[in-house]
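Here is how the chains run, residue by residue.
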Amino acid sequence: GAVAYSDIGDVHRLMGDYERAMAFHQKALNIQEKVKCNPLDCATTYMNLGETYREMNDYTTALTYYQKGLKIREEKLAETHPDLAYGNEICSTSS
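Residues numbered from 1 in each chain as written. Predicted model: local features only at pLDDT ≥ 70, side-chain atom pairs only at ≥ 80, totals over all residues. Heavy atoms only, no water.

### Quick word on the UniProt feature "repeat: TPR" (unreviewed entry) in the chain
- UniProt's feature table lists "repeat: TPR" (unreviewed entry) at residues 2-35 and 43-76, given in the numbering used throughout.
- When the span residues 2-35 is considered, its composition is 88% helix and 0% strand, and the gap between its end C-alpha atoms is 10 Å.
- With 91% helix and 0% strand, residues 43-76 has end C-alpha atoms that lie 10 Å from one another. (UniProt positions renumbered as here; feature names shortened; annotations may be inferred. Helix = DSSP H or I, 4+ residues; strand = E, 2+ residues; numbered from the N terminus.)

Following this line, the structure appears as structure tokens:
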């Protein structure tokens, strides 16, 4: 499903193929927005998109996606959850 597309996109990002990474992340996001998905899966896709844009030096767009992912995580996770700490760290160092 959508998570697999986002994971594939993340592998392409790690290989430096940002165009393919973006295509897979966008495909994941399109699926997640059309069907009722786990909001945390959407948050992960947003964070993956943010990471891809960050590596492409598009910091403004990266921050937008990081903030979308963080907002979902703040609503759905306990304050002590490690994913929430990671999201806060990224948003504070990206701005």
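Having put the structure on the table, let's press on.
### What about the side chain of Thr-45?
- Tracing the backbone through its elements, the reader meets Thr-45 in helix 3 (residues 39-55).
- If near-sequence neighbours (up to four positions away) are discounted, Thr-45 is found in contact with Ser-6, His-25, Ala-28, Leu-29 and Gln-32. (Contact = heavy atoms within 4.5 Å.)

### A look at helix 3
- Relative to the 24 Å expected for 17 residues at 1.5 Å per residue, helix 3 spans 24 Å between its end C-alpha atoms, a close match to the ideal helical length.
- For helix 3, every residue scored as buried is listed here: Cys-42, Ala-43, Thr-45, Tyr-46, Met-47, Asn-48, Leu-49, Gly-50, Glu-51, Thr-52 and Tyr-53.
- The opening residue of helix 3, the one whose side-chain oxygen lies 2.8 Å from the backbone nitrogen of Leu-40, is Asn-38.
- Two residues or fewer past helix 3, Asn-57 is found with a positive phi of approximately 65°. (Expected span 1.5 Å × (residues − 1). Buried < 20%, exposed > 50% of the residue type's maximum accessible area, 1.4 Å probe, protein only. Polar contact = N/O pair within 3.5 Å; in protein donor to acceptor, adjacent residues only side chain to side chain.)

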